[in-house]
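Secondary and tertiary structure notes
Listed below, chain by chain, are the residues.
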Amino acid sequence: METFEDKFINYLQNRESFSNIVFVCIGTKKLIGDSIGPVIGENLKKLENEFIHVYGTMQNNVNFINGKEIIEEIYRKYKEPYLITIDAALSNTNKRGDIVLGSGYMKIGKALNKSVCFFSNINIKCVIGNYHKNKEENLRELRSVRASEIYRASRIVTEGVKNSLKKLNIYV
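Conventions we followed
Residues numbered from 1 in each chain as written. Predicted model: local features only at pLDDT ≥ 70, side-chain atom pairs only at ≥ 80, totals over all residues. Heavy atoms only, no water. Salt bridge = Lys/Arg side-chain N within 4 Å of Asp/Glu carboxyl O. Buried < 20%, exposed > 50% of the residue type's maximum accessible area, 1.4 Å probe, protein only. Helix = DSSP H or I, 4+ residues; strand = E, 2+ residues; numbered from the N terminus. Phe/Tyr/Trp six-rings, centres within 6.5 Å; stacked < 30°, edge-to-face > 60°.

Notes on the pattern of salt bridges
If you walk through the whole model with that rule in mind, you get four salt bridges. Taking the shortest distance from any N to any O, the salt bridge between Lys-45 and Glu-48 comes out at 3.2 Å. Note on Lys-45: relative accessible area 34%, which makes it partly exposed. Here Glu-48 falls in the partly exposed class, since its relative accessible area comes to 32%. The partner of Glu-141 in a salt bridge is Arg-96, and the shortest N-O contact between them spans 3.8 Å. On the criterion of sequence distance, the pair formed by Glu-141 in helix α4 (residues 135-143) and Arg-96 in the loop between β3 (82-91) and β4 (99-108) is long-range, its members being 45 residues apart. Via salt bridges that share partners, Arg-96, Glu-141 and Glu-149 belong to a single interconnected network.

Here's the deal with the packing of aromatic side chains
Per the counting criterion, the structure on display carries two aromatic pairs. Taking the centre distance of 5.8 Å and the plane angle of 15 degrees together, the rings of Phe-4 and Phe-8 count as stacked. Of this pair, Phe-4 and Phe-8 both sit in helix α1 (residues 4-13), four residues apart, which is roughly one turn of that helix. The same class applies to Phe-4 and to Phe-8, which are both buried. Pairing Tyr-105 with Phe-119 gives two aromatic rings, centres 5.7 Å apart and planes at 75 degrees, and the pair type is edge-to-face. In this pair, Tyr-105 is assigned in strand β4 and Phe-119 in strand β5 (residues 116-130), connecting sequence segments 14 residues apart. Taking the relative accessible area as the measure of exposure, Tyr-105 reaches 59% and is therefore exposed. Residue Phe-119 is classed as partly exposed on the basis of its relative accessible area of 36%.

Bear in mind that shape data such as this cannot, by itself, settle questions of function.
As structure tokens, this is what we get:
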């Protein structure tokens, strides 16, 4: 079975030219189920250098309120950034605990019927529960997540990202 790290390496190897890798770790510490992005952002901050940048930590959240402004700032600051977004997800098709990689457009706040949409070279979605058509049920789902689930997924993503960047000589 292919690991998160293997999948992430495959995505990185298929990248086109870029000036910087920018991680956008989405979520808030105010809601346990939505805190996975900022928890991972805290861990990835240790990897920052002149080519790797991290937005979204426990102190400085990226969410649907400020997401559009932050994306615009990234595009002003970096020429041809390679955006990697990390967010919690509620899903109908994937099961709790899955870490799903993709690319293309990313929506912030969809589970709460609010959304900011932007392009991302790699999307990392950590499935933390089931999606419901009702905003209140989605909020209940986000509140019911255990901290141990957040830390388990954040450990897998953080280590997978770190090891992948080292293997590809992007981060030493």
